[in-house]
Amino acid sequence: MNLKFFITSLLICLTCFFNPANLNAQEFKLDNTSTVVDSLKTKPKAIPLINIVQEIEKTNNDLKLKQRKIKRSTDIEKIDSLLPAYAAFLKLEGERAEHFIKANPNVQKINNTSLKWNGYLSYLRQWISEINNQEERNSILIEDIQFKAQVWKLSYDNAVAENVPLEVLAAIKGTVDEIEKTKKSIFDNNNYYIKLEAEISKEINYVEDILDELVALKNSDVYDLFYLRHPPIWKTSFEKTQKDLDEKSEIQSLKGTVANIHKMPDQQKGRIILFIIFVALIVITLKYFKSGFYKYPYEEKNERVVIFKNLIVNGNYLCIAFTSLTFAKMYFATAHKFIGDSITLLAILVAIPMIMPLMTKRFKNILYFVLLFYILNSAKTYLWFSSLGYRIYILIEALIVILILYHFTHPYLKTIKLFKGGFNAFLIRLTPVIYFLSAVSIISNILGYTNLTDITLKISTQGAIITILFYGISIIISGSVISVIHRHFTVKKTYSASERRKIEDHVLKIIRISMYFIWGLFFLGMIDLLRPLIDYFTDVFSEPYKIGSLTFTLGAVISFILTLILAFALTRLVTFLINDDDGVLRFLKLPKGIPAAVSLVVRYFIIGFGIILALSALGVDLSKFNLMAGALGLGIGFGLQTVISNFVSGLILVFERPILPGDTVEVNNLLGTVNRIGVRASKISTFDGAEVVVPNNSLVSNDLINWTLSNNTKRVEILIGTTYDSDPNEILKILKEVATNCPYVLKDPEPRALFNDFGDSSLNFRLLFWVHYELGLQAKSDVSIDIYNRFKAEGIEIPFPQRDLNIKNIPEGFDMKPPHELPLDVDDTSDLNKNVKRPLIEPLESDIDSDAGTSDDADDGPVK
């Protein structure tokens, strides 16, 4: 799928949509839409009496199945029983949150509380999702039940009119009553679900209100960076204030929640089981990447690439553990903070031995201090401090940062010269920034600007933490991608090492850029700037603009472009993975060409689905394209016949597979190798080095010779003659021996030497043997030279054409002696030339002037 076809398809769709006739047709409304839809539904009809007994039994069995399905599940009943207690719990937590908000805690404690309430919200939404699934299933069942009710009502009326036996009529009546009973049960259950959903929605609104209050508190002026929240540190005492008591209550709440972690509901246990399944998939995937390096040895001189490879091979269990922990951090994002902090701590512990090989010996131990800072930051959540105690705690933490930096980077000017690039050089260049932030943290803490203290210290310590985590993710992804690319190329019979390195460099660059971008988002979230930026860009991208009768937003345009880019990127990925017989589908051992056909279908589906999604994101009503279908068909019939013919021919070539990429074909006196079968045309490389673009229609409609369709063997023929003095039996034996001894000649079928005919001056022979097509020229050359050498060694002559000349009449005085045999003392040479004054054969006179354009007598007529 090339970019040209992608853009062409997009332009066709946009042309259809933005056609003036289409825009004017937007006002056209189909008033009878509902009538058309209703006409497509099957109308209920009475069941024939001859089949009524069988249908009664069938319907009763179906009703039993439906009654079992509509029965309230134990999960729903458990939700109903837990909801009152959970609502009381939320009310109590809300009162504590109100006291917490009035205490004006620091930003970190607000974030922790928001995380806890987001967990409550996620729990309630899981309940809503479970109820919605039951409601959707009931809505599908009720449609079928209502249809059956109409059918059996008509059947009952028909049975009454036909005077069927009372027993049958009673059975029909019983079926009708059972249907009504089932329908009533479904409606009752739906009412129950709706009532339960309303109660849960009430609690969701309550939780969202608490979260909104927390966000409003965090955005208030009290939490401005340069707001004086506390008096200077020398004016602060260790006495407990009401604010400290409220914060202590919040800490005790956290401890109580931690103590009850083992009391998880069944839904959480189900999520853990699903998580275990995902971890198993991670293990299988990383083991597969590791086996690729073992099965196909990898040789690369780039030191960083070798480190990525060694991480997958030698540190496979570390990669599995780190990837599983990272996935757990995202999967249990709404879990309690203690669970999240524990997962992050384990992830850092695993990341340290992964990253150490990429760092110099001098800075390896700094990773352990990063772990120390994470423990110090997390401990603030679970330990209760007075106001002064908390400020002294973070003051000591800032001093530790400065001391560690001084220990690892002193003297700074000499240290920075030791590193010219890489991750170590990046860390060294950040040293002055960390010094400055730590100093600001200390000064602002002493003066009472604790908001500024928190944000600067968070950047200095937590910035290093997320950097380590993202760097670990980056090297695992890089090693995995290198394994996939390496396996993809090495399974091929031949491949270009430079092409492989080019793809590796390109993909690794994309990974680095992506990691930088995601790291930036996490960093902005850490310093509480992500939400304001999201709100700002949401307002900008949702602002409507109007051009003529067309209304759009920047967000819709960006979504349109990103969807198309993603679709195009996916087609490139599919092309790379499964476009040839050596792709990821090779384990299925499909016939030659089938993977290319699968790749084409998948790529067309992705492109088509991507265009539909992109147009939907742009706000385009796809039903309006129906109005242009006739005009588009007319345009195809008149102006795009050749294009459509080539397109359909391309599909025929892909699915019928008369030619495949890599085949040697001959069409229209053109001999070459098929490089690619495209949408409109195919590319054939001739053996002279030229690339010829051949329309697909020419390959389908014209005579096509495929030399390598079912196999790549070719028969070579060599014609040779010998003198009549040679022994034909010996010649046949020699020819067969020479062909058999050639390494390029196939043993099966074996070479054949044949006597052809009696020539004018030679005995003619034919040598036939089979070779691989690509070796045909070289094999013919080698065998011909070996025949010549063998004939020469055996004394066998290869004759050249000879003719006997018989002269009947010799002119008088013509001397038959050659001139070099005449006497040397002949002085008069006139006699030597008299024999050649008149040629033996008179040349015929031509009646055509060879230079008519310059002849003086060109107008005198033809020469006679």
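Check the entry above for the structure.
Keep in mind it's a predicted model, so treat the numbers as computed, not measured.

Rules of the game
- Residues numbered from 1 in each chain as written.
- Predicted model: local features only at pLDDT ≥ 70, side-chain atom pairs only at ≥ 80, totals over all residues.
- Heavy atoms only, no water.
- Helix = DSSP H or I, 4+ residues; strand = E, 2+ residues; numbered from the N terminus.
- Contact = heavy atoms within 4.5 Å.
- Areas by Shrake-Rupley, 256 points an atom, 1.4 Å probe, with all protein chains shown as cover.
- Core = buried A, V, L, I, M, F, W, Y, C linked by side-chain atoms within 4.5 Å.
- Buried < 20%, exposed > 50% of the residue type's maximum accessible area, 1.4 Å probe, protein only.
- Pairing = 2+ DSSP bridges.
- Axes fitted to C-alpha atoms, helices over the stretch in contact; angles between N-to-C directions.
- Salt bridge = Lys/Arg side-chain N within 4 Å of Asp/Glu carboxyl O.
- Phe/Tyr/Trp six-rings, centres within 6.5 Å; stacked < 30°, edge-to-face > 60°.
- Lys NZ or Arg CZ within 6 Å of the ring centre and 35° of its normal.
- Left-handed = near helix turned anticlockwise from the far one by under 90°.
- Nonpolar A, V, L, I, M, F, W, Y, C, P; charged D, E, K, R; others polar.
- Expected span 1.5 Å × (residues − 1).

**Things to note about the overall build of the protein**
- Along the backbone of the protein there are 28 helices and 10 strands.
- Taking all contacts inside the protein whose residues are at least 6 apart in sequence as the whole, residues at least 24 apart take part in 73%.
- When the accessible surface of the protein is totalled, it reaches about 51700 Å², and 61% of it is carbon and sulfur.

**Quick notes on the nonpolar core**
- Counting residues in hydrophobic clusters, the biggest one holds 70 residues, and the most contacted among them are Phe322, Ile348, Met354, Ile355, Leu367, Ile475 and Ile482.
- Considering each element in turn, this core owes the most residues, 12 residues, to helix H18 (residues 450-490).
- Not counting chain neighbours up to four residues away, the residues in contact with Ile355 comprise Leu367, Ile468, Tyr471 and Gly472.
- Of all hydrophobic cores here, the second largest spans 29 residues; its members include Phe100, Tyr120, Leu124 and Tyr193.

**Considering the pairing of strand S9 (residues 752-758)**
- Direction of pairing for S9 relative to strand S10 (residues 763-772): antiparallel, over a ladder of six bridges. Its bridge partner being in S10, Arg752 is matched across the sheet by Leu768.
- The hairpin turn running from S9 into S10, its antiparallel successor, is four residues long.

**Comments concerning the sheet that holds S9**
- Taken together, three strands build an open sheet; the order of strands is S8-S10-S9 and the sheet is antiparallel. Each of the sheet's edge strands pairs with one partner strand only, and the pair in question is strand S8 (713-722) and S9. Averaged over all pairs of adjacent strands, the angle between their axes in this sheet comes to 25°, without regard to strand direction.
- Along the sheet, helix H26 (residues 728-741) contacts S8, S9 and S10; its crossing angle with S10, the most-contacted strand, is approximately 20°.
- Contacts from helix H27 (residues 776-794) reach S8 and S10, with the element oriented near 25° to S8.

**Remarks on the pattern of salt bridges**
- Within this structure, the stated rule accounts for 16 salt bridges.
- One salt bridge in this structure joins Asp144 and Lys66, with 3.0 Å as the shortest N-O distance. You can see Asp144 sitting in helix H6 (residues 107-161) and its partner Lys66 sitting in helix H4 (residues 52-70), a full 78 residues away along the chain.
- Its salt-bridge partner being Glu504, residue Arg500 comes within 3.7 Å of it at the nearest N-O pair.

**Quick notes on the pairing of strand S6 (residues 691-695)**
- Here strand S5 (residues 681-686) pairs with S6 via five bridges, running antiparallel. Opposite Ile684, over in S6, you have Val692 as the bridge partner.

**Here we look at unusual backbone geometry**
- Cis geometry marks the peptide bond from Asp748 to Pro749; its omega dihedral reads 0°.
- Note that Pro749 resides in the loop between H26 and S9.
- Phi at Asp528 takes a positive value of approximately 65°, unusual for a residue other than glycine.
- You can call Asp528 partly exposed: its relative accessible area is 23%.
- The residue Arg657 is not glycine, and still its phi comes out positive at about 60°.

**What about the environment of Ile659?**
- In this fold, Ile659 is placed in the loop between helix H24 (641-656) and strand S3 (664-667).
- On the basis of relative accessibility, which here comes to 0%, the residue Ile659 falls in the buried class.
- Each C-alpha atom, one on Ile659 and one on Val700, is 9.9 Å from the other, the two residues being 41 residues apart in sequence.
- Not counting the four nearest positions on each side in its chain, Ile659 is found in contact with Leu653, Val665, Val674, Ile677, Leu699, Leu704 and Asn706.

**Brief notes about the sheet that holds strand S4 (residues 670-677)**
- The five strands are arranged S6-S5-S4-S3-S7 in an open sheet whose pairing can be described as antiparallel. Taken across any chain shown, the strands that pair with only one partner, and hence form the sheet edges, are S6 and strand S7 (704-706). Adjacent strand axes in the sheet meet at a mean angle of 40°, parallel and antiparallel pairs treated alike.
- Both S3 and S7 contribute to a ladder of three bridges, which runs antiparallel. What sits directly across from Val665, in S7, is Asn706.

**Some points on the packing of aromatic side chains**
- With the rule as written, the count across this model stands at 27 aromatic pairs.
- Seen in terms of ring centroids, Tyr536 and Phe537 are 5.3 Å apart; in terms of plane orientation they differ by 75°. Their pairing is edge-to-face.
- Exposure remark for Phe537: the relative accessible area of 39% places this residue in the partly exposed category.
- Taken together, the ring pairs in this structure connect Tyr86, Phe89, Trp117, Tyr120, Tyr123 and Trp127 into an aromatic cluster.
- Its end group placed over the ring of Tyr288, Arg487 keeps NZ or CZ at 4.0 Å from the ring centre.
- Directly above the ring of Trp707 sits Lys714, whose terminal nitrogen or CZ lies 5.9 Å from the centroid.

**A short note on the side chain of Asn646**
- For Asn646, the location among the structural elements is in helix H24.
- Not counting the four nearest positions on each side in its chain, Asn646 is found in contact with Val679, Arg680, Pro695, Asn696 and Asn697.

**Side note on the packing of helix H14 (residues 387-409) against H18**
- Following both chains from N to C, one finds H14 and H18 inclined at 35°, their axes separated by 11 Å at the closest point. Pair H14 / H18 crosses with left-handed handedness. Along its contact with H14, which presents Tyr390, Arg391, Ile394, Glu397, Ala398 and Val401, the element H18 presents Thr450, Thr453, Asp454, Leu457 and Thr461.
- For the contact of H14 with H18, the class distribution of residues is five nonpolar, three polar and three charged.

**Structural notes on helix H11 (residues 316-331)**
- Across its 16 residues, H11 extends 22 Å between first and last C-alpha, which sits within 8% of the 22 Å expected from 1.5 Å per residue.
- For H11, the full list of buried residues reads Asn316, Cys319, Ile320, Phe322, Ser324, Leu325, Thr326, Ala328 and Tyr331.

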